[in-house]
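Fold and contact review
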Amino acid sequence: MTQHLSSLTFMQTFSSKLETALNNLSMAQFPPDARRTMRTFSSTEVAALLDVTEAYIRQVAQKEQGPVPEMLNGRRMYTLEQVLELRIALAANGRKKWMNPRRVNGERCQIIAVTNFKGGSSKTSTTIHLGHYLALRGYRVLAVDLDPQASLTALHGNLPNFDYRAGDTLYSAIRFEAPVETASIIHKTHIAGFDVICAGLELTEFETAVALEMRRAGGTSFLLRVSQALEQVADDYDFILMDSAPSLNFLTLSSLTAATGVLIPVPAHMLDVDSTAKFLELAGSYMQILDEVGTSAQWDFAKFLITKFEANDHPQANMSALMRQVFGEDLLLNSVIKSTAVADALTWKQSLYEVQRSRFSAPKTYDRAIESINAANTELESLFWKAWGRE
């Protein structure tokens, strides 16, 4: 007689086993008393970040006019906090107009939704690399993990005092009953200027809560929950980046309503592009409904970004050409290449900006990857400046 497998037993067994195994792996990499630290930066890297000459950085160090770097094998190495200190000091001296690029009066916080309901489109990688790039450039950044799978959260290792089981996610700030202050769920990370609101499985409760609220009160006010929560802390940041779940649910719609700009990562593959077309069609139908009831979203920009691109792959090259023909100026000029360097870094729970070049066995692979990511992020930064009305 055939024995049937209990679906409940299967799910519970492997859920427990996987959680235990992953926790053990995480504990080995980052014990409870361990704290992540950002790598240090050489004088050459500091000069590039500040857009000054390396000779000038050496001059500042020799005259002791700035923070005192650590000497490592005869090289001056700066922490990111020291880089920011140098940036603020140089800005105060009026050396360059935007040495301190943080927004000024009249420039609103840019709230960017990184979204696409096709899994594997590099939403989390795009969000984390854009966020770290902006933090290294001197901006104040808040990353909001809206995916119950919590990949962006996991990339930051063991954050002090974070426990998603205790309601330490955005859901606590957007729930309909007794929401908490948004500031209470923000966590500082090991990267100066980069904070995070974490995710957990309880984010899925928002879908049920919205359905109940619509039955009780009707209307579309639920779409403003994310916007209202982020408005509480928007004055403290230059950018708020939202990493959406790979689905077009109430939470994703709420993030699109809160956004001032939208970024849609799309690999140049037929299935991914086809899925994106369906995502746009479905999102468009929802947006039309919202527009009719007066809850439409107004964005400064919406752009597509080709990710995981392999220029020597002819089908991808053809699909990229098709996308450029269809999307025109709404497709970023720069694509992010597929790279083992990015995959390795994410396996180490780090972005490329956190990893020393010397750690890679093939440094040129790292060089190509970081050049590609920098180009896309620089293009995005120019869009942000345009939205702020900067030259």
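For clarity, every value in this text was computed on a predicted model and none was experimentally measured. (Residues numbered from 1 in each chain as written. Predicted model: local features only at pLDDT ≥ 70, side-chain atom pairs only at ≥ 80, totals over all residues. Heavy atoms only, no water.)

The subject of this paragraph is the sheet that holds strand S2 (residues 70–72). Spatial strand order, S1-S3-S2: three strands in an open sheet with antiparallel pairing. Lying at the two open borders of the sheet, with one neighbouring strand each, are strand S1 (41–42) and S2. Bridge count for S1 against strand S3 (residues 75–78) is two bridges, and the pairing is antiparallel. Residue serine 42 lies in a different strand from S3, and its bridge partner there is methionine 77. The sheet contacts of helix H4 (residues 80–92) involve S1 and S3, and relative to S3 the element is tilted by about 85 degrees. (Pairing = 2+ DSSP bridges. Helix = DSSP H or I, 4+ residues; strand = E, 2+ residues; numbered from the N terminus. Contact = heavy atoms within 4.5 Å. Axes fitted to C-alpha atoms, helices over the stretch in contact; angles between N-to-C directions.)

Once that is clear, we can look at the nonpolar core. By size, the foremost hydrophobic cluster in this structure holds 59 residues, and its most contacted members are Val46, Leu50, Ile57, Leu134, Leu352 and Phe384. A total of ten residues in this core trace back to one element, the largest contributor, which is helix H14 (residues 363–388). Among all residues touching phenylalanine 384, those that are not within four sequence positions of it are Gln110, Ile112, Leu130, Leu134, Phe239 and Phe301. Listed in part, the 51 residues of the second largest apolar core include Ile111, Tyr237, Leu256 and Ile264. (Core = buried A, V, L, I, M, F, W, Y, C linked by side-chain atoms within 4.5 Å. Buried < 20%, exposed > 50% of the residue type's maximum accessible area, 1.4 Å probe, protein only.)

Our next topic: the packing of helix H5 (residues 123–136) against H14. A pair of packed helices can be characterised by two numbers: the angle between their axes and the separation between those axes. One can describe the packing of H5 onto H14 by two numbers: an axis separation of 10 Å at closest approach and a directional angle of 70 degrees. Comparing the axis directions of H5 and H14 gives the class roughly perpendicular. Between H5 and H14 lies a crossing whose hand is right-handed. Here H5 contributes His129, Leu130, Tyr133 and Leu134 to the contact with H14, which in turn contributes Ile373, Asn374, Asn377, Thr378, Leu380, Glu381 and Phe384. Taken together, the residues of the contact of H5 with H14 break down into six nonpolar, four polar and one charged. (Parallel < 35°, antiparallel > 145°, perpendicular 65-115°, else oblique. Left-handed = near helix turned anticlockwise from the far one by under 90°. Nonpolar A, V, L, I, M, F, W, Y, C, P; charged D, E, K, R; others polar.)

On to the side chain of aspartate 147. Summarising the element assignment, aspartate 147 is placed in the loop between strand S5 (141–145) and helix H6 (151–154). With no salt bridge to any partner, buried aspartate 147 finds its closest opposite charge in lysine 123, at an N-O distance of 6.3 Å. Excluding anything up to four places from it in sequence, aspartate 147 contacts Ala199, Leu203, Asp243, Ser244, Ala245 and Pro246. (Lys, Arg positive; Asp, Glu negative; His and termini not counted. Salt bridge = Lys/Arg side-chain N within 4 Å of Asp/Glu carboxyl O.)

This part covers the state of the cysteines. Tallied over the entire structure, the rule returns zero disulfides. Cysteine cysteine 109 is unpaired, with the sulfur of cysteine 198 as its nearest cysteine sulfur at 18 Å. The exposure class assigned to cysteine 109 is buried, which follows from its relative accessible area of 6%. (Disulfide = S-S within 2.5 Å.)

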